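Chains, contacts and geometry: an overview
Read off the chains here:
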Amino acid sequence: MATTNLYGPTVQIQKSNFKVKRKKPNPITRFFTDNRSNRSVGGNILLVIFLTFLALLFLFPVIFMFNSAFKPLHELLKIPPDIFVRNPTLDNFYDLRELFSSSLVPLSRYIFNTFLIVIIGTLGQIIFASMAAYPLAKYDFRGNEFISKLIVMSLMFSTAVTAVPNYMIISKLGLIDTYWAIILPSFSSTLGLYLMKNFMEQIPSSLIEAASIDGANEFTTLWLVVMPLVKPAWITLFILSFQTMWGATGGTYIYDEKLKPLSYALSQVASAGIARQGVTAAISLITFLIPVIIYILMQSNVIETMTTSGMKE
Amino acid sequence: MAWLINELPRRIRAFLTIIFYAPSISGNAYLIFTLIFSSDPYGYLNAKLLDLGIIDSPVLWLQDSKYILTIVILVSLWMSLGVGFLSFVAGLQTIDKTQYEAGAIDGISNRWQELWYITLPNMKPQLMFGAVMSITNALGVGDITVALAGFPSPNYAAHTIVNHLNDYGFIRMEMGYASAIAVILFAAMLISNRLVQKFIKRVGT
């Protein structure tokens with residue numbers, strides 16, 4: 001130690017003398033002029049044009065929605081129509097409030113319903129999925145393989161297939177016209193379970209053994225050791241379930257007007273057609289923006305989870 | 001799609017991923033399409049086409065059975081890049097870059113060979129997952145038609161199997177018949193998934 005300390009300062013002085021500034025090449029120019037790889041420059045240009053076109057196609061409805069939401073009435077009904085708004089106003093949002101203040105159920109009730117369903121459903125889904133995924137990923141027991149195969153199978157058909165039995169079970173349980181009709185089925189999301197299980201398989205088993213040696217029981221191991229490690233997985237699960245719950249209209253389960261979610265209100269407004277297009281755009285914008293913003297904030301976690309999402313035969 | 005995006009620099013890649021993924025997480029914001037394709041002369045597409053002189057009377061986009069199915073397909077395509085797409089994007093990022101260099105030395109001369117012999121075999125598991133998710137979603141399309149074209153859609157032009165199921169199950173309350181439809185749908189989903197998996201297994205050979 002002593003000898004290295006002696007030489008330490010001199011080395012540092014030398015280092016600071018020779019500070020070289022390295023210029024990073026601009027990624028865009030590098031992209032077009034990169035001739036190390038076997039990608040032709042012409043192909044690159046074609047690719048950029050193609051992707052720009054596609055992106056515009058995908059963005060168009062969003063841009064349209066965004067602008068319509070802020071257009072005053074005379075611009076909405078202008079012929080020929082403009083895509084971009086000239087004099088943005090918030091009139092449409094006021095109209096939206098006005099429209100619902102005269103209706104049977106206020107808008108805030110719809111929003112409250114949606115948030116209640118989303119929050120309880122999402123939390124439940126995360127808790128159940130992680131508790132189910134943990135033994136499947138980390139323990140060897142009889143039937144483990146069979147259950148895992150069953151989960152993969154269940155990914156292969158959509159909820160429409162089970163609509164009839166689902167409805168019957170819920171009506172027998174007496175849950176029609178309650179929030180639980182939407183919340184309860186969402187607890188058992190196999191997609192979430194599958195993603196969670198794949199992600200948990202990466203955790204080294206020695207860590208869990210260490211926890212049990214230190215005297216943790218299974219539950220504390222799961223919540224204090226495993227869950228912090230699989231943070232990207234449950235964030236992804238949060239986004240996915242948020243998205244499905246957010247879009248749920250409760251069609252066949254909920255008939256009481258007071259219990260219907262926001263997306264149902266949206267479809268009601270939209271059915272009025274062109275006369276209320278500003279209001280439709282405004283409420284669409286609200287339903288569109290919230291999940292997208294949440295996704296943007298948590299993007300990197302999602303991608304990390306998805307790398308483990310692969311399916312082995 | 002995901003492969004094309006992966007060819008781009010990192011920042012732009014993240015941005016494009018958001019653009020393409022956003023529609024599928026946005027709940028039922030797709031109702032905005034009822035405004036674009038509105039049959040009214042004030043509807044966006046009609047007004048634009050009238051102005052350009054391509055048509056001389058408004059087209060009943062969502063009432064004419066000629067157009068409905070096309071529009072429904074268009075909208076479901078707009079929303080189709082969901083979980084599977086994210087899985088592809090993520091899978092592509094894990095591929096070892098040195099493999100491409102090795103491939104170049106071993107005589108791969110263009111992008112397509114690179115895709116077929118290196119990229120796709122490397123992301124087979126993700127391909128499998130993505131294929132399963134998108135097939136499942138595609139066969140489950142039903143809400144979109146109801147929202148856009150009404151229920152039942154004019155002349156049953158956009159009547160999907162899911163609509164048929166809901167019609168019998170929850171309107172006519174013939175649960176038995178509806179269950180039979182569900183079983184067929186289930187079989188169709190499983191079979192198409194198996195076929196796609198077989199195909200994916202042969203990729204890169």
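All figures in this text were calculated on a predicted structure; none of them were measured in a lab.

Secondary structure summary: chain A contains 15 helices and zero strands in total. By residue count, 42% of the 313 residues in chain A fall in the buried class. Carbon and sulfur atoms form 66% of the exposed surface of chain A, whose accessible area is close to 17500 Å².

The next subject is the pattern of salt bridges. Residues and elements named next belong to chain A. Summed over all chains, the structure comprises one salt bridge over all chains. The residue Lys197 makes a salt bridge to Glu201 at a minimum N-O spacing of 3.3 Å. Relative accessible area serves as the criterion here: at 11%, Lys197 is assigned to the buried category. With a relative accessible area of 33%, Glu201 lands in the partly exposed category.

Looking now at the nonpolar core. Counting 112 residues, the largest nonpolar core has Met200(A), Val230(A) and Phe20(B) as its most contacted members. Sort the elements by how many residues they give to this core and helix α15 (residues 277-307) of chain A lands first, with 12 residues. Among the domains, domain 1 (27-89) and domain 2 (101-307) of chain A are the pair contributing at least three residues each to this core. With residues up to four places along the chain from it excluded, the contact list for Met200(A) reads Ser130(A), Ala133(A), Tyr134(A), Ala137(A), Lys138(A), Leu222(A), Val226(A), Met227(A) and Val230(A). By size, the runner-up hydrophobic cluster in this structure holds 13 residues, among which are Leu92(B), Ile95(B), Tyr100(B) and Ile200(B).

On to the environment of Ile36(B), then. Examined against the element boundaries, Ile36(B) turns out to sit in helix α3 (residues 32-36). When the C-alpha atoms of Ile36(B) and Ala47(B) are compared, they prove to be 9.7 Å apart, with 11 residues separating the residues in sequence.

What follows deals with helix α12 (residues 218-229) of chain A. Residue and element names in this part refer to chain A. For α12, with 12 residues, the first-to-last C-alpha span of 16 Å sits near the 16 Å given by 1.5 Å per residue. Looking at α12, one finds that the buried residues are Thr221, Leu222, Val226 and Met227. All buried residues of α12 lie within an arc of 145 degrees about the axis, which places them on one face of the element. The inward-facing, buried residues of α12 abut α6 (107-138), α10 (190-200), α11 (205-213) and α13 (231-247).

This part takes up the environment of Ile303(A). Examined against the element boundaries, Ile303(A) turns out to sit in helix α15. Once the C-alpha coordinates of Ile303(A) and Ala233(A) are considered, the two residues, 70 residues apart in sequence, prove to be 9.7 Å apart.

What follows is about the confidence of the model for chain A. All names here are of chain A. On average, residues of chain A score 74 in pLDDT, and 77% of them are at 70 or above. Model confidence for chain A, summarised as mean pLDDT per element, is weakest for helix α1 (residues 2-17) at 50 and strongest for α11 at 85. Of the regions scoring below 50 in pLDDT, residues 11-15 engages in zero contacts with residues more than four places distant in sequence or in other chains.

The rules behind each value
Residues numbered from 1 in each chain as written. Chains lettered and ligands numbered in written order. Predicted model: local features only at pLDDT ≥ 70, side-chain atom pairs only at ≥ 80, totals over all residues. Heavy atoms only, no water. Helix = DSSP H or I, 4+ residues; strand = E, 2+ residues; numbered from the N terminus. Buried < 20%, exposed > 50% of the residue type's maximum accessible area, 1.4 Å probe, protein only. Areas by Shrake-Rupley, 256 points an atom, 1.4 Å probe, with all protein chains shown as cover. Salt bridge = Lys/Arg side-chain N within 4 Å of Asp/Glu carboxyl O. Core = buried A, V, L, I, M, F, W, Y, C linked by side-chain atoms within 4.5 Å. Domains from an automatic or database assignment. Contact = heavy atoms within 4.5 Å. Expected span 1.5 Å × (residues − 1). Arc of directions from axis to C-beta. pLDDT = per-residue confidence, 0-100.

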